[in-house]
Every structure is written in C-alpha cells, then in structure tokens.
Amino acid sequence: MATTADIRNGLVLNYNNDLFQITEFQHVKPGKGAAFVRTKLKSLTTGRVIDNTFNSGATIYPVRVERRKFQYLYKDEAGFNFMDQESFDQINLDEKLVDGADLMKEGQEVEILINADSDTPLSCELPPFVELEVTYAEPGIKGDTANSPKKRVEVESGAKIMVPLFIESGQKIRVDTRTRDYVERVK
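On a predicted model such as this, the values are computed, not experimentally measured, just so you know. Sequence order sets the numbering: in each chain, residues are counted from 1 along the sequence as written. Since the coordinates come from a predicted model, pLDDT governs what is reported: local features require at least 70, and pairs of side-chain atoms require 80 or more to be given and counted, while whole-chain, interface and lining totals use all residues. As a rule here, side-chain values cover all heavy atoms of the structure and leave hydrogens and water aside.

### Re the sheet that holds strand β13 (residues 150-155)
Backbone hydrogen bonds hold the strands of a sheet together, and the pairing may be parallel or antiparallel.
Here comes step 1: Pairing between strands is defined by DSSP: at least two bridges between them are needed. In DSSP terms, a helix is any run of H or I states spanning at least four residues, a strand is any run of E spanning at least two, and both are numbered starting from the N terminus. Pairing is antiparallel across the open sheet formed by five strands, whose spatial order is β14-β13-β12-β15-β16. Either end of the sheet is taken by a strand with one partner, and the two such strands are β14 (160-164) and β16 (181-186). In this sheet, neighbouring strand axes are inclined to one another by 55 degrees on average, regardless of whether the strands run parallel or antiparallel.
Here comes step 2: Sheet analysis places strand β12 (residues 129-137) next to β13, joined by three bridges and oriented antiparallel. Of the residues in β13, the one forming a bridge with Ala137 is Val153. Note on geometry: axes are C-alpha line fits, over the in-contact stretch for helices, and angles between N-to-C directions span 0 to 180 degrees.

As structure tokens, this is what we get:
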C-alpha cells in the first residue's frame, strides 16, 4: 500500500480491478479546499486512457513490475515474438500489448513490463527514438516552402511518417516513438 505522495510517471497500480500505468500526473493545491492529484491512467489490458482524480493522501495499490530487455524477432499470426536478452527464452505477445508496433524492425531491442508476482507480460515499450530507412518518398515540389511543408514517406518497417521535403528514398531518419514525429536525418 502507498499514498498519492508516491505517485510518479510509469508507476503501475491496481485500480478498479484492472492494472493501470500512470502516464501523467499533477498535484493541485487549490486556494480553498483540500489538495488532490490529477492523473492520466493507461489500462495495460485494454490500452484505454482515462482521467482520474485522487484526493491527497488517498491509498493506492502499486503493483511490482520488472522491466526486462527483449529483442524483437518476428511477427506471425499469433502475435509478436521476442527473445529475452539474458536467458534467451522466447515469448509471444498479443498485438494490443505492443504500442507503436509498426515502428519496430527485426533485431530491435525493446523493454517489456512484466508483473513480478504472476510473471506475465503487461506491455511492450519501444526505445524513445528509432532509426529507420526511408523506402518510399515522393519527390518534393520546388518552391513549396511556406509554413515548413511536410510530405508522407514510408519507412522500412511499413510505418508512414510525415517528414520535411528534403528527405529522399534510401536516407536514414530518426523517429520519436512516443509522438511518431520526424526528429532528424541520420548520417
């Protein structure tokens, strides 16, 4: 058991008979009345995000989770297959447990959240930035430079990303996996 003072981003807690991960929180002290904590909770079973407010000092029930490094191997009809970097065990994850799956390429290292009590995988997190090669890009139109224009390109993993006009096929780009935004060209 813990209180709202222990809330931090990434904490997994048992709330309404479901496992939720805190994605954002804000401690609010109004001029009149009791303090409270405003949170955004992401369900680890359904992927749904809800807003919730906890009274300051309320009891919460954190769940012990472990972050283990896995390597993405391949995708088949059962889901995504990963290999543990330490024990070389292979596990299969359902598609709904993997956020940003279209940004993963084979051999990429990811972190999987595992419930320490039941040893079941909860979710898969990609690194904050990935480097991908552009496989298809339409040519940019010369003179169309007002308001920092962007065009849609396809990368090696199959994802479609909006990038500046100067990006061409065959170039490597860095993509932010949290926002799916182009960051920079990689040399």
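### Details of the environment of Lys42
Here comes step 1: Turning to its location among the elements, Lys42 is positioned in strand β4 (residues 36-43).
Here comes step 2: For the pair formed by Lys42 and Phe20, sequence separation is 22 residues and the distance between their alpha carbons is 5.2 Å.
Here comes step 3: Should any heavy atoms of two residues lie within 4.5 Å, those residues are considered in contact. The contacts of Lys42, once residues within four sequence positions are left out, are Leu19, Phe20, Gln21, Thr23, Gly47, Arg48, Val49 and Asp99.
Here comes step 4: We define a polar contact as two N or O atoms separated by no more than 3.5 Å, with the added condition that, inside protein, one atom must be a possible hydrogen donor and the other a possible acceptor, whereas residues neighbouring each other in sequence contribute only through side-chain atom pairs. A polar contact is formed between the side chain of Lys42 and the side chain of Asp99, at a distance of 2.3 Å.

### Quick word on the sheet that holds strand β6 (residues 59-62)
Here comes step 1: Judged by pairing direction, the sheet is antiparallel, and its six strands sit side by side in the order β1-β6-β2-β3-β4-β5 without closing on themselves. Edge positions in the sheet fall to β1 (2-3) and β5 (49-55), since each of these pairs with one other strand and no more.
Here comes step 2: Here strand β2 (residues 12-15) pairs with strand β3 (residues 18-28) via four bridges, running antiparallel. Considered in β3, the bridge of Tyr15 is made with Asp18.

### Structural notes on the environment of Asn55
Here comes step 1: By secondary structure assignment, the location of Asn55 is in strand β5.
Here comes step 2: Relative accessible area serves as the criterion here: at 57%, Asn55 is assigned to the exposed category.
Here comes step 3: Separated by 51 residues in sequence, Asn55 and Thr4 have C-alpha atoms that sit 7.7 Å apart.
Here comes step 4: With residues near it in sequence (within four places) discarded, Asn55 still touches Thr4, Ala35 and Phe36. For every residue, the accessible area obtained with a 1.4 Å probe (protein chains only) is divided by the maximum for its type, and the residue is called buried under 20%, exposed over 50%, and partly exposed between those limits.

### Comments concerning the domain arrangement of the protein
Here comes step 1: When the domains of the protein are assigned, the result is domain 1 (11-55), domain 2 (65-125) and domain 3 (129-185).
Here comes step 2: The interface of domain 2 with domain 3 comprises six residues on the first partner and 11 residues on the second.
Here comes step 3: As a working definition, buried area equals the accessible area (1.4 Å probe) given up by two parts on being put together, with both sides summed. Each partner contributes to the roughly 630 Å² buried at the junction of domain 2 and domain 3, and carbon and sulfur atoms together form 55% of this total.
Here comes step 4: For domain 2, the biggest contributors to the area lost against domain 3 are Asp102, Leu103 and Lys105; these three give 86% of the whole.
Here comes step 5: A pair is scored as a salt bridge if a Lys or Arg side-chain nitrogen falls within 4 Å of a carboxyl oxygen belonging to Asp or Glu. Put simply, domain 2 and domain 3 have two salt bridges between them.
Here comes step 6: Of the charged contacts, one joins Asp102 and Arg180 as a salt bridge, the two residues approaching to 2.8 Å between their closest N and O atoms.
Here comes step 7: Applying the counting rule to domain 2 against domain 3 returns three residue pairs in polar contact (both at pLDDT 80 or more).
Here comes step 8: Lys, Arg, Asp and Glu make up the charged group, whereas Ala, Val, Leu, Ile, Met, Phe, Trp, Tyr, Cys and Pro make up the nonpolar group; the residues left over, Gly among them, are polar. Residue composition of the side of domain 2 that touches domain 3, grouped by class: two nonpolar, two polar and two charged. What counts as a domain boundary in this text is fixed by an automatic or database domain assignment.

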